[in-house]
Structure formats: structure tokens, C-alpha cells
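Next come the chains, spelled out residue by residue.
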Amino acid sequence: MSDSQDILVPDIGDFDSVDVIEVLVSPGDTVDVESPLITLESDKATMDVPSPVAGTVTEVRIAVGDQVSQGSLVAVVAATESSAQDTSAQAPAGPKDGAEASEDRPKEEASERTAQAPAQTDAPPQSDSEAPVPKEPNPTPPPAPRPPPSLPPVTESDSGPLPHASPAIRRFARELGADLSKINGSGTHGRILKEDVAQFIKSALSQGRTGGDGSGLPAIPEVDFSRWGPVATEPLSRIKRISGRHLQRAWLNVPHVTHHDEADITELDAFRKTLKDESAYAQVRITLLGFVIKALASAMKAFPTLNASLSPDGENLVLKHYFHIGVAVDTENGLVVPVLRDVDTKGILELATELGALSARARDGKLKPDEMQGGCISISSLGGIGGIGFTPIVNAPEVAILGVSRAQIKPRWDGNAFAPRLILPLDLSYDHRVIDGAEAARISAFIVSALEDSRRLLL
Ligand code: CAO
């Protein structure tokens, strides 16, 4: 048989007319002893009112927005038999008990101290005159109604600044491992609601499913673009999906800096144009890129840190004694980076031939996986397309990438007058954990001088 019990607001300290900000149960819900029923909020604190008995909620007598004080009726619970017996057998919890119990709890736990609601029975206490005559000697006296215990609410200053959330929500977040300080509350005054915690967990999980880096960075919110006009959704190409994950990992892991420079390639380009016969003979296009690749290989020899990788623990540099350079190739399906091997041993014609063959195979989707592996550093050239500069992303675990933009005729002061010169913009992005700014400037100056005086490429 169940025993119907009124659950009243207990002694909540010096507070009167406290707002009900959450009702956590509905009729028909089953509750355990200590299950929170409602959450109250004063101007200083939030606190849960828990059920003192286990059973089924038959009535909820309070709504969000109501104001309550000690003794206000919260709900009626049909207590399970054992719960009712347990409750009646319990010693009344006095104010002291509550305070002592909470002092033993850790700091965050203390912010969730719950007020102990008294158990009340439907039957009013009988007066002495109405008391039945005992039929048996030494009858057990009926339990005295428990006085509402007093438990001072925790204020923000008691436990340090806490995200604005009720104890029940704190408990919910802690059970799911959600960090409340990272959640924006959508409730009144920015209070964090259960839905906010659920949404936070949902986006953390979906980030994991879509290859999120697990860094705990807030996800970009999902937006319904069709609210503003017609849209169509197309899947990303396989290459974009794979390279996207790699680029994001590199962007998040590498402290990038980009050093900008310019090389006067007037003479170099004039020389390149004289190579028509060689070009025709080898049936290959000799573009500027071959010279840039050679200049970068020279820089890798002169600056060993440029041809290195950081060990995963960040404690050591792995210095490479081979010179393989990856070249970013733009294909219909996205970016791929085939690798030219042993660049230091090859001439411009050979490099131009290899680059032509590799980029054709890349565009036909015929590159083999090992043709895209083993690069020491990368070049991204947008010179055939345009632009005056950009900040390429280091292709980690490489430590640098050289960006090349479009060469343009610009006026340069030759000591007497401005002269039209062909100027090539260069952007060296580097991992600042491995290469200092001054070293990057020296490396860049080295590449510039190798391109300005191509005899240096022979060194
Ligand atoms: N300045 C001026 N002209 C340039 C130039 C530069 N920096 N670089 C190339 N050109 C010229 C070439 O000389 C060529 O001219 P001609 O047709 O008169 O010979 C023309 O531009 C086209 O060159 P190209 O781009 O076909 O050849 P390339 O050797 O310079 O580059 C390759 C080869 C594969 C790197 C390039 O085609 C490519 O795919 N670039 C895109 C790389 C990319 O997407 N990077 C971004 C990565 S991050 O998303």
C-alpha cells in the first residue's frame, strides 16, 4: 500500500518568496529519496528541493515562476511502502545535521547542497483527548512530524564564481562529463538549462563523428541557410575530405608564422625564355617553378632546420639528409601534393619533366600513395593563377612551406632611377617551435638571392 505525502519547501534560511526556476518532475514520475523535485533561485543562490521519500509523484502543486517560502506545498508523492517506513524511522534531520554533512563534501559538490524537505503525512496530528486508549502496554509512540531542517544556500562567494546553473543541472553535466564553463546558457540571465547541456554533448559527439580533433573547441553552430534563399547540398570530394582533416590538424598543432619577401627575377626569367630549344628538345615546359624548387633545395642544405621534423614529444629534431620536395597541385577534385625526390641531384630540365608528369597524373587521379609520401618541405605555387601573396599552411610534420605568387613588373630604384623589374612574391610559412623569426628571414633572403643570381644554384 502506498502512503500519500505532501512535500513542503523546507527551511531555506533567511529567504522568503523565492522564485521557482525549474520544475523537474511531472505527475506519474517515479522519484527516489533525494531526487530533486524543483529548483529555487534567490538573488544569491540556486538550490534544489529533493524528495524525502521514494514513490510516484501524484500531483505537482507548483509551476515555474511561482514564489515560495518555507512550508509551501511542492508536490504530493505516493510513497512506496518501504520508503514510507524508512522515512518514518529516520531521525529528524535538523539544521546542524545538514550543515555538517555538506561541510564534508568537496567544493563543487558543496554548491549542490540540497535542502532537505520534511516528510508530512495526510493525517493531522491527534490531540491528547482524541488519542486512542492503548490496548497494549508500552506501545511505540507515533513518529513526531519532522521539523523542516535548515540548510543555508550556497552563494557564489562561497564556492567561487560558478556558471549559472542549478544543482540538478550541475549534477547532470558532471555525469556526462560536460564542462559547464564552456556552455552558453539559454535560460533567463544566461542560466544553463538541461537542453543546453544536451546540445553541448550532442555537438561534441558529432564533432568526433566528423573527424573533430577532440580539442574541445566549440563547434561551428549548424545553420539552416534555406531560411534566406534556395540552397543545394553536395558531398565534398574524397580528396577534400581527407586533406581538410589534415589541414585542420596542421593548423591547430603548428604555431604558424609567415614571412613575406620579394625576389627580382628579371634576369632569371630572361634566362628561362632563352631555354626554348632545350624545352622543345625535352618536350617540356620550363616554368619558374623549377628554379624555385632548386633554390629551396639549396636553402635546405644551407639551413638544416628547414629540412627537419619535430619529434612527436616536441623534444627532438629529426634532421633529414635527403632532399624531397612536395609540390601542391590543383586538381578538379582538390589539392594533392606529389613529391619530387632527391631534388638536389637533379637539373632544371629533369625537374620540369618530372613535375609535368606528376601533375598530369595528379589531375588524372592516377597518383600512387607512395608518390605523395616522404616530402621534407612543400611548395605551393599560385603564380600561374594570380595574387600578390598568401599564408600557406605548413604541411606538418614538415616545418615549412614556401608560397609563390604571381611575378609582376614593378618599379625598382637602381641608384639613379626607377627601372621596371620582374618581382616575384614569396611567402615562407614556418613552424615557430623549430624556426625562429630571424632564421626565417635569413632563409628567405637566401632563397631570394639564389633566384636573383641563378649562378648561386650551382653552389
Ligand atoms: N609568376 C608569373 N607567372 C607564372 C608564375 C609566377 N609565379 N608561375 C607560373 N607562371 C606562369 C607559367 O610560366 C605559365 O606560363 P606560360 O603558359 O606562358 O608558360 C603559366 O603561369 C601556367 O603555369 P602552371 O601553373 O601551369 O605551371 P607551374 O609550373 O608554375 O605550376 C603546378 C605547376 C602544378 C604547381 C600548378 O599548375 C598548380 O597546380 N598550382 C596550384 C597549386 C595550388 O593549388 N596551391 C594551393 C595549395 S593550398 O590550397
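Let me sum up the structure you'll find in this document. Every residue gets a number counted from 1 within its own chain, in the order that chain's sequence is written. Local features in this predicted model are restricted to residues of pLDDT 70 or higher, and side-chain atom pairs are both shown and tallied only at a pLDDT of 80 or more, whereas totals for entire chains, interfaces and linings draw on every residue. For side-chain calculations, the full set of non-hydrogen atoms in the structure is used, while hydrogens and water are omitted.

This brings us to the overall build of the protein. Helix and strand definitions follow DSSP, with helices as H or I runs of at least four residues and strands as E runs of at least two, each counted in order from the N terminus. Per the secondary structure count, the protein includes 12 helices and 20 strands. Each of the 459 residues in the protein was classed as buried or not, and the buried ones make up 39%. On the protein, roughly 26200 Å² of surface is accessible, and the fraction owed to carbon and sulfur atoms is 54%. Between buried and exposed lies partly exposed: a residue is buried under 20% and exposed over 50% of the maximum accessible area for its type, with that area taken using a 1.4 Å probe on protein chains only. Using a 1.4 Å probe, accessible areas were evaluated by the Shrake-Rupley method; residue-level cover was limited to the displayed protein chains.

A word on the packing of aromatic side chains. A pair of Phe, Tyr and Trp rings is counted when the ring centres sit within 6.5 Å of each other, with Trp represented by its six-membered ring. The angle between the planes then sorts it: under 30 degrees is stacked, over 60 is edge-to-face, the rest tilted. Per the stated rule, a full pass over the model turns up 3 aromatic pairs. Measuring from ring centre to ring centre gives 6.2 Å for Phe 271 and Phe 291, while their planes differ by 75°; the resulting arrangement is edge-to-face. Here Phe 271, found in helix α8 (residues 266–273), pairs with Phe 291, found in helix α10 (residues 288–302); they are 20 residues apart in sequence, far enough to count as distant. Looking at Phe 271, the relative accessible area reads 40%, which means it is partly exposed. Since its relative accessible area comes to 2%, Phe 291 is described here as buried. With a centroid separation of 4.9 Å and 65° between ring planes, the pair formed by Trp 413 and Phe 418 is classed as edge-to-face. By relative accessible area, Trp 413 is classed as exposed at 53%. For a ring to carry a charge above it, either NZ of a lysine or CZ of an arginine must fall within 6 Å of the ring centroid while also lying within 35 degrees of the normal to the ring plane. Positioned above the aromatic ring of Phe 323 is the side chain of Lys 301, whose terminal nitrogen or guanidinium carbon lies 5.2 Å from the ring centre.

Right, let's get into the pattern of salt bridges. One speaks of a salt bridge when a side-chain nitrogen belonging to Lys or Arg is within 4 Å of a carboxyl oxygen belonging to Asp or Glu. Tallied over the entire structure, the rule returns 13 salt bridges. Residue Arg 421 is joined to Asp 264 by a salt bridge in which the shortest nitrogen-to-oxygen separation is 2.7 Å. Of this pair, Arg 421 sits in strand β20 (residues 418–431) while Asp 264 sits in strand β10 (residues 256–264), and the two are 157 residues apart along the sequence. Judged by relative accessible area, which is 15%, Asp 264 ranks as buried. With a shortest N-O distance of 3.2 Å, Asp 269 and Lys 273 are connected by a salt bridge. Placement of both Asp 269 and Lys 273 in helix α8 is noted, with a separation of 4 residues, approximately one turn of the helix. Judged by relative accessible area, which is 8%, Asp 269 ranks as buried.

Any residue with at least one heavy atom within 4 Å of a molecule or strand is counted as near it. Taken together, 21 residues surround the ligand, and among them Thr 287, Arg 363, Ser 380, Ser 405 and Ala 407 come closest. Taking Asp 330, its main chain carries an N or O atom lying 2.9 Å from an oxygen atom of the ligand. One nitrogen or oxygen atom from the side chain of Arg 363 is found 2.8 Å from an oxygen atom belonging to the ligand. Protein burial of the ligand: of its 960 Å² of free accessible surface, 70% is covered by the chains. Secondary-structure elements contributing two or more residues to the shell around the ligand are α10, β14 (329–331), α11 (348–363) and β17 (377–381). Any residue that is not Ala, Val, Leu, Ile, Met, Phe, Trp, Tyr, Cys, Pro, Asp, Glu, Lys or Arg is counted as polar, Gly included; the first ten are nonpolar and the last four charged. Within the shell around the ligand, the residues separate by chemical class into 10 nonpolar, 7 polar and 4 charged. Two N or O atoms count as a polar contact when they lie within 3.5 Å, although within protein this holds only if one can serve as hydrogen donor and the other as acceptor, and sequence-adjacent residues are included solely when both atoms are side-chain atoms.

Two strands pair under a simple rule: DSSP has to find at least two bridges between them. Read from one edge to the other, the open sheet built from 4 strands follows the order β5-β4-β2-β7, with strand pairing classed as antiparallel. Each end of this open sheet is capped by a strand with a single partner; those strands are β5 (46–50) and β7 (67–68). Of the strand pairs in this sheet, strand β4 (residues 36–41) and β5 are connected by 5 bridges, and their pairing is antiparallel. Across the sheet, residue Ile 38 finds its bridge partner in β5, namely Val 49. Across the sheet, helix α5 (residues 167–176) is in contact with β2 (18–23), β4 and β5; its angle to β5 comes to roughly 85°. When checking whether two residues touch, look at their non-hydrogen atoms; a contact exists if any pair is within 4.5 Å. Axis lines are fitted to C-alpha atoms, over the contacting stretch for helices. Their N-to-C directions set the angle, which ranges from 0 to 180 degrees.

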